[in-house]
Amino acid sequence: MNSAIVSLKPEISADDFDAEKIRADFPILKLKIDGKPLVYLDNAASSQMPQQVIDRLVRYQTTQHANINRAVHYLSEVATMEYHNARCKLQQFVNAREDREIIFTSGTTDSINLVMHGYGRKFIKAGDEIILTTLEHHSNIVPWQMLANEKGAKIRVVPINDKGDLEVDEYEKLFNERTKFVGLIHVSNALGTINPIKHMIDFAHQHGIPVLIDGAQAAQHIIIDVQALDCDFYAFSAHKLCGPTGVGILYGKAALLESMQPFKGGGDMIASVTFEETLYNTIPHKFEAGTPPIAAAIGFGAAVDYLAAIGIERIAAYELSLLNYATERLNDIPGVKIIGTAAEKTAVISFTIDGIHPHDIGTILNQDGIAVRTGHHCAQPVMQHFNVPATSRASFAFYNKKTEVDALVAGIKNVQKVFL
Ligand code: PLP
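Values in this document were obtained by computation on a predicted structure and should not be read as measured data.

Undergrad: Account for the nonpolar core, with residues named and values stated.
TA: Formed by 106 residues in total, the largest nonpolar core has its most connected members in Tyr-234, Phe-236, Phe-396, Phe-398 and Leu-408. The element contributing the most residues to this core is helix H10 (residues 294-310), with ten residues. Shared between two domains, this core holds at least three residues of each, these being domain 1 (19-49 + 312-419) and domain 2 (54-309). Leave out the neighbours within four places in its chain, and Phe-396 touches Leu-41, Asn-43, His-221, Glu-319, Leu-322, Ala-326, Ala-347, Ile-349, Val-405 and Leu-408. Grouped together as the second largest cluster of nonpolar side chains are 24 residues, Ile-124, Trp-144, Ala-153 and Leu-212 included.

Structure, rendered in structure tokens:
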């Protein structure tokens, strides 16, 4: 039996979770692809949007839209207040101490680049070391490589084992007097591994080192409490939490954000400007230059309200039941190999089929209306570890059903029939 079959929260049962009722909130799930019902299993890339969030966007655009912070007229005041409310909803969602610790960005990638420019370029020097892990998405590798190249700093990498777990002992051995920063993925997008970030944050803090968590694959499955985690930065995107594209957040501890230099210059991030000198605004505004994604941020607020009303722990318990069922069923198909079998996983299954290229798998599944992702998932070091160029990845959300797992299994058998 696969080691992914675990029970995360025995006290919360998946039995009373009514996925059918929840599906009614998602208009796109009614789509047919070439006459076949859509089976959407690409949720790790982007999840779908419920009517409640769509309605919120429509209400904003039809009755509340104006630019914020810049006028005294009615609409500008309403939009400013709603944008601020959205910040407060995100503050509550991650349990940040203060609303000014929530920066709206264009997404996880932008949040990480903000930390690299704002913190890294100010505080990392030649010879310093930055610790990352093999599981990182490219968006938490490339910015740090750019910084390392610019500064003459060095990247140290935490290895993984063949289940896709981080080797935490090796992480601890990487620390020395040159270590200056740690970037950690909370949940692997390629494998679903949930990393022991609390332990890893505490260990880094024992050495006085700040930690950035890439939570792009976590915040929709795990309750995030940034105060309990005590992370220094935490980043995620709305479009993976049933919200709009083009917006995400960076949580940062206020004192750290205050110590950092701005990432982008422009309107709203200033207190005063002369040609001789610019004085910067206070946080969060210092990091929100120009017109922010107002509508998207308000939609993001509605999305986290929607998820919180269902309950992240209930979502996690139900998704775990899907993961366990799908893992069992895929393990029963000869020639199918699941890549990533960590004991703690979200509902992500990366797999290969002997003798068939992942791209061909995705193409044939698509003919059956089944949407999976194929490729390296922006995690090439993970692919390199497992010595595969790519995988197919089915990633489940709380609106998926066991019958859709059955459809995936039938689809995979059909792919084998076509190619073998
Ligand atoms: N980090 C992880 C773990 C991801 O899965 C993704 C997106 O797939 C990102 C970062 C980048 O997110 P975005 O493209 O929304 O900036």
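Undergrad: Report on the pattern of salt bridges, specifying residues and quantitative values.
TA: A full pass over the atoms with the stated rule returns 21 salt bridges. A salt bridge links Lys-36 to Asp-368; the shortest N-O distance between them is 3.9 Å. Here the residue Lys-36 occupies a position in strand S2 (residues 36-37), and Asp-368 occupies one in the loop between helix H12 (358-367) and strand S15 (370-371), the gap between them amounting to 332 residues. A residue is classified by how much of its surface remains accessible, and Lys-36, at 34% relative accessible area, is partly exposed. Put simply, Arg-87 and Glu-288 hold a salt bridge, and the shortest N to O gap is 2.8 Å. With Arg-87 in helix H3 (residues 74-94) and Glu-288 in the loop between strand S12 (278-280) and H10, the pair connects residues that are 201 residues apart, well separated along the chain. Each member of the pair, Arg-87 as well as Glu-288, is classed as buried.

Undergrad: Provide a residue-level description of the site of the ligand, including the pertinent values.
TA: Surveying the vicinity of the ligand reveals the residues Thr-108, Thr-109, His-137, Ser-139, Ile-185, Asn-189, Asp-214, Ala-216, Gln-217, Ser-237, His-239 and Lys-240. Here Thr-109 contributes a side-chain N or O atom positioned 2.6 Å from an oxygen atom of the ligand. Interatomic distance of 2.7 Å between a side-chain N/O atom of Gln-217 and an oxygen atom of the ligand. Expressed as a share of its isolated accessible area of 400 Å², the protein-covered part of the ligand is 84%. The class makeup of the residues in the shell around the ligand is two nonpolar, eight polar and two charged.

Undergrad: Just give me the short version of a nonpolar patch on the surface, but keep the residues and values in it.
TA: Together, Val-418, Phe-419 and Leu-420 make up an exposed nonpolar region whose accessible area comes to about 300 Å². Note that Val-418 resides in helix H14 (residues 402-419). In this structure Val-418 comes out as partly exposed when scored by relative accessible area, which is 48%.

Undergrad: I'd love a proper account of the environment of Ile-28, names of residues and values included.
TA: By the element assignment, Ile-28 lies in the loop between helix H1 (19-23) and strand S1 (32-33). Distance from Ile-28 to Gln-61, taken between C-alpha atoms, is 21 Å for residues 33 residues apart in sequence. The residues contacting Ile-28, other than those within four sequence positions of it, are Leu-38 and Gln-48.

Undergrad: Pulling in residues and values, what's your account of the domain arrangement of the chain?
TA: Segmenting the chain into domains produces domain 1 (19-49 + 312-419) and domain 2 (54-309). Listed as interface residues are 38 residues of domain 1 and, on the opposing side, 36 residues of domain 2. Summing the contributions of domain 1 and of domain 2, the shared interface buries around 3,000 Å²; its carbon and sulfur component is 59%. Where domain 1 packs against domain 2, one counts 23 residue pairs in polar contact (both at pLDDT 80 or more). For the side of domain 1 that touches domain 2, the secondary-structure elements that each account for two or more residues are helix H11 (312-331), strand S14 (348-353) and helix H13 (380-386). In terms of residues, the side of domain 1 that touches domain 2 owes the most to one element, H13, which gives six residues. Split by residue class, the side of domain 1 that touches domain 2 holds 21 nonpolar, eleven polar and six charged.

Reading the values: the criteria
- Residue positions within a chain follow its written sequence, with the count starting from 1.
- Reporting in this predicted model follows two pLDDT cut-offs: at least 70 for local features of residues, and 80 or more for side-chain atom pairs to be given and counted; totals over whole chains, interfaces and linings ignore these cut-offs and use all residues.
- To get the side-chain values, all heavy atoms of the structure are used, and hydrogens and water are removed first.
- For our purposes a nonpolar core is just a set of buried Ala, Val, Leu, Ile, Met, Phe, Trp, Tyr and Cys residues, chained together by side-chain atoms within 4.5 Å.
- Classification of residues uses two cut-offs on accessible area relative to the type maximum, computed with a 1.4 Å probe and protein chains only: under 20% is buried, over 50% is exposed, and between them is partly exposed.
- Here a strand is any run of E in DSSP of at least two residues, a helix any run of H or I of at least four, and the numbering for each starts at the N terminus.
- Boundaries of every domain are those given by an automatic assignment or by a domain database.
- Contact between two residues is taken to exist if any of their heavy atoms lie within 4.5 Å; hydrogens are not considered.
- Think of a salt bridge as a Lys or Arg side-chain nitrogen and an Asp or Glu carboxyl oxygen that are within 4 Å of each other.
- We call a residue near a molecule or strand when any one of its heavy atoms sits within 4 Å of it.
- N or O atoms within 3.5 Å of each other form a polar contact, as long as, within protein, one can give a hydrogen and the other can take it, and as long as residues adjacent in sequence are counted only when both atoms are side-chain atoms.
- Only the protein chains shown count as cover for residues, and the accessible areas themselves come from Shrake-Rupley with a 1.4 Å probe.
- Residues are sorted three ways: Asp, Glu, Lys and Arg are charged, Ala, Val, Leu, Ile, Met, Phe, Trp, Tyr, Cys and Pro are nonpolar, and all the rest, Gly among them, are polar.
- A residue counts toward a patch only above 30% relative accessible area and without a salt bridge, and it is joined to like-charged neighbours within 9 Å or, for Val, Leu, Ile, Met, Phe, Trp and Tyr, to nonpolar neighbours within 5 Å.
- Computed with a 1.4 Å rolling probe, the buried area is the accessible surface lost when two parts are put together, summed over both parts.

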